[in-house]
Amino acid sequence: ETARHLSSADARVIAHVERQSLVSAYSPPIPSIDDGAEPLADHVLGDRRSSLMPTIAEHASDLSILLWDLHDEIWGVARSAGSTTTLNEIPPDAGGADGTVLRFGAEDHFLAWRTAAESFVRDLRALGVLSRVRVLAVGLARRREDGHPTLAPDSLDIEAVNTHLSRYHEHLRALGLAVITV
């Protein structure tokens, strides 16, 4: 979303991954199911395929900066029997969301996310791109640019989301990532 505010002379988006929690990205992919239903959106397929690291690896040599915000974490994750996770906002019929819900900000979510974050940092370092990562510590606004209320999980209000986000950002700082507070 940030890149749309830049002119094409300033930046070029070479890849975009959205709607993936780090917990989801570091979980086994969900097997493809062709049930003849409507095609799944790209972000749902990306989440099911745990596409974050393969996408970064594919573009590592072209990457000048990797911008990362944690807003997709706020929806939590759902674990299925195979320990695959998907974002809680993806409907259960998208696959994998039939198990235990780890709610954003809860200790079990933070612990699962922290483990994934440590793996993510290790993998970014191995790819040689860690120094090019910038975490955008942007709090959730009450209203979107179009004036409509910002959506937050039913169990949290905006202030609670922002309080929880600060804990996650602090952990990333402790791991040595550059965190930009906006």
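Relevant structure appears above.
Structure report, in brief. (Residues numbered from 1 in each chain as written. Predicted model: local features only at pLDDT ≥ 70, side-chain atom pairs only at ≥ 80, totals over all residues. Heavy atoms only, no water.)

## Overview of helix 4 (residues 107–127)
In this model helix 4 runs 30 Å from its N-terminal to its C-terminal C-alpha over 21 residues, within 8% of the 30 Å that 1.5 Å per residue would give. Among all positions of helix 4, only His109, Phe110, Ala112, Trp113, Ala116, Ala117, Ser119, Phe120, Val121, Asp123 and Leu124 are buried. (Helix = DSSP H or I, 4+ residues; strand = E, 2+ residues; numbered from the N terminus. Expected span 1.5 Å × (residues − 1). Buried < 20%, exposed > 50% of the residue type's maximum accessible area, 1.4 Å probe, protein only.)

## Quick notes on the packing of helix 4 against helix 5 (residues 158–174)
Packing of helix 4 against helix 5 brings their axes to within 11 Å, and their N-to-C directions diverge by 25 degrees. Comparing the axis directions of helix 4 and helix 5 gives the class roughly parallel. Where helix 4 crosses over helix 5, the handedness of that crossing is right-handed. In contact with Glu107, His109, Phe110, Trp113, Arg114, Ala117 and Glu118 of helix 4, helix 5 contributes Arg167, Tyr168, His171 and Leu172. (Axes fitted to C-alpha atoms, helices over the stretch in contact; angles between N-to-C directions. Parallel < 35°, antiparallel > 145°, perpendicular 65-115°, else oblique. Left-handed = near helix turned anticlockwise from the far one by under 90°. Contact = heavy atoms within 4.5 Å.)

## Considering the sheet that holds strand 5 (residues 133–137)
Judged by pairing direction, the sheet is parallel, and its three strands sit side by side in the order 1-5-6 without closing on themselves. Of all the strands in the sheet, the pair left with one neighbour each is strand 1 (66–69) and strand 6 (178–181). Between one strand and the next, the sheet's axes are offset by a mean angle of 30 degrees, whatever the strand orientation. In the sheet, strand 1 pairs with strand 5 via four bridges, with the strands oriented parallel. Pairing of Leu67 across the sheet is with Arg134, part of strand 5. (Pairing = 2+ DSSP bridges.)

## Here we look at the pattern of salt bridges
Using the criterion set out here, one finds three salt bridges in the structure. Note that Glu107 and Arg167 form a salt bridge whose closest N and O atoms lie 3.0 Å from each other. Here Arg167 lies in helix 5 and Glu107 lies in helix 4, a separation of 60 residues in the sequence. Judged by its relative accessible area of 34%, Arg167 falls in the partly exposed class. As a salt-bridge pair, Asp123 and Arg122 come within 3.2 Å of each other at their nearest N and O atoms. Owing to a relative accessible area of 48%, Arg122 belongs among the partly exposed residues under this scheme. (Salt bridge = Lys/Arg side-chain N within 4 Å of Asp/Glu carboxyl O.)

## Remarks on the nonpolar core
Leu22, Ile56, Trp68, Trp113, Phe120, Leu172 and Leu177 are the most contacted members of the largest nonpolar core, which has 38 residues in total. Take this core: its biggest share by element is eight residues, from helix 4. (Core = buried A, V, L, I, M, F, W, Y, C linked by side-chain atoms within 4.5 Å.)

## Some words on helix 3 (residues 52–59)
When helix 3 is considered as a whole, its buried residues turn out to be Leu52, Met53, Thr55, Ile56 and His59. In a view along the axis of helix 3, the buried residues occupy a sector of 160 degrees, so they form one face of it. Looking at the buried residues of helix 3, the elements they touch are helix 1 (22–25), strand 1 and helix 4. (Arc of directions from axis to C-beta.)

## As for the side chain of His169
Within the secondary structure, His169 sits in helix 5. For His169, a relative accessible area of 6% gives the class buried. Ignoring anything within four residues of it in the chain, the contact list for His169 reads Leu70, Val135, Leu136, Ala137, Val138 and Val179.

Coordinates in, geometry out; function isn't part of it.
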